[in-house]
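The chain contents come next:
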Amino acid sequence: MLLCILPVEGVQEVDLYEMERFVEKTLPFRTRREVAMLLPPGAHDPKRDQYDGTVILRAALELCPADASRLLVVMEQDLFIPMLTFIFGQAQLDGTAAVVSLNRLRPESYGLPPRRDLFVERYLKEILHELGHTFGLTHCPDPRCVMSLSVNIINIDQKRAQFCGNCTVRLADKLNTLRRESGVTEE
Ligand SMILES: [Zn+2]
Ligand SMILES: [Zn+2]
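Residues numbered from 1 in each chain as written. Chains lettered and ligands numbered in written order. Predicted model: local features only at pLDDT ≥ 70, side-chain atom pairs only at ≥ 80, totals over all residues.

S.K.: Sorry if this is basic, but what is going on with the overall build of the chain here?
M.R.: When helices and strands are tallied, the chain shows 5 helices and 8 strands. Overall, the chain shows an N-to-C arrangement of helices and strands of β-α-β-β-β-α-β-β-β-β-α-α-α. Relative to a compact globule of 187 residues, whose C-alpha radius of gyration would be 16 Å, the chain shows 16 Å and is just as compact. Structurally, the chain occupies a C-alpha span of about 50 × 35 × 30 Å along its principal axes. (Helix = DSSP H or I, 4+ residues; strand = E, 2+ residues; numbered from the N terminus. Rg over C-alpha atoms; globule rule 2.2 N^0.38 Å.)

Shown next, in the form of structure tokens:
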């Protein structure tokens, strides 16, 4: 099964590489990097100076390669949905596309010294969380589970880059269904 990574101009090569390795290690997917997407003009809200996640997901879906089972957009720009001041990411529940913003994941964003290991850990958790939604997983009450809701960076730091037992079972079910649908008998 194929997961396409669709970067927006500005995301560092080293981070995309880190994400691809992580996805291939953690989920039964191979990854492929797509040519960077241009942000759709309608996605930028000049008053908030942020980008509308729903508009970006819609634009990304139009670029989705036919052979992709899942599509992950990665961007540096800050994301929002109208009812929230910001979001770390957004996904179609039990759907194809997810988007993650790196904007608020660096310690520097909180006035702290840079720490690459922490930054990487945070975006890997966010990626796994949003991809989890595309596999039909909803928010988990276990704050250590990667599917727990994160409204701030403390929530992200509390969780692990792993699914809890319950979410692991639900995920395995979904992945089995996807494998059957895509005609893959072994992985
Ligand atoms: Zn979520
Ligand atoms: Zn869970």
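S.K.: Honestly, the environment of Phe135 in this entry has me stumped. Any pointers?
M.R.: Within the element layout of this structure, Phe135 appears in the loop between helix H3 (116-134) and helix H4 (153-158). In the structure, Phe135 is positioned 72 residues away from Leu63 in sequence and 20 Å away in space, judged by C-alpha atoms.

S.K.: Please explain the sheet that holds strand S4 (residues 50-52) as it appears in this structure.
M.R.: Either a parallel or an antiparallel arrangement is found when strands of a sheet pair, and the pairing is made through backbone hydrogen bonds. Read across the open sheet, the 3 strands follow the order S3-S4-S6; overall the sheet is mixed. The open sheet is flanked by strand S3 (44-45) and strand S6 (79-80), the only strands paired with a single partner. Across 2 bridges, S3 lies against S4 in antiparallel orientation. Within S4, the position partnered with His44 by the bridge is Tyr51. (Pairing = 2+ DSSP bridges.)

S.K.: Mind showing me how you'd approach the nonpolar core here?
M.R.: If you look at soluble globular proteins, the nonpolar side chains tend to sit buried side by side. Counting residues in each nonpolar core, the largest one holds 44 residues, and the members touching the most others are Ala60, Leu72, Val73, Val74 and Val99. Those elements giving two or more residues to this core turn out to be strand S1 (2-7), helix H1 (13-26), helix H2 (53-62), strand S5 (70-75), strand S8 (97-101) and H3. If sequence neighbours within four positions are ignored, Val73 has contacts with Leu6, Val8, Met37, Ile56, Ala60, Ala97 and Val99. (Core = buried A, V, L, I, M, F, W, Y, C linked by C-beta atoms within 7 Å. Buried ≥ 20, exposed ≤ 12 C-beta atoms within 10 Å, placed from the backbone. Contact = placed C-beta atoms within 7 Å.)

S.K.: Got a minute to help me understand unusual backbone geometry in this structure?
M.R.: What you tend to see is this: most non-glycine residues have negative phi, and most peptide bonds are trans. Although it is not a glycine, Asp49 adopts a positive phi angle of roughly 50°. Secondary-structure assignment places Asp49 in the loop between S3 and S4. Taking the C-beta count within 10 Å as the criterion, Asp49 has 10 such neighbours and is therefore assigned exposed. Despite not being glycine, Asp94 has its phi angle at roughly 55°, a positive value. Tracing the chain through its elements places Asp94 in the loop between strand S7 (89-91) and S8.

S.K.: How do you make sense of the packing of H1 against H3 when you look at a structure like this?
M.R.: Describing two packed helices takes the angle between their axes plus the distance from one axis to the other. Across the interface, H1 lies against H3 with an axial gap of 10 Å and an inter-helix angle of 50°. By the angle between their axes, H1 is oblique relative to H3. The crossing of H1 and H3 is right-handed. Note on element contacts: H3 touches H1 through Val120, Tyr123, Leu124, Ile127 and Leu128, opposite Asp15, Glu18, Met19, Phe22 and Thr26. (Axes fitted to C-alpha atoms, helices over the stretch in contact; angles between N-to-C directions. Parallel < 35°, antiparallel > 145°, perpendicular 65-115°, else oblique. Left-handed = near helix turned anticlockwise from the far one by under 90°.)

S.K.: Any chance you could explain the sheet that holds S8 here in plain terms?
M.R.: With mixed pairing, the 5 strands of this open sheet are ordered in space as S2-S1-S5-S8-S7. Looking at which strands have only one partner, the edges of the open sheet turn out to be strand S2 (30-33) and S7. Strand-to-strand twist of the sheet, defined as the mean angle between neighbouring strand axes without regard to direction, takes the value 20°. As paired elements, S5 and S8 share 5 bridges and run parallel to each other. Paired with Leu71 across the two strands is Ala97, which belongs to S8. Relative to S8, H3 is tilted by about 160°, and along the sheet it contacts S5, S7 and S8.

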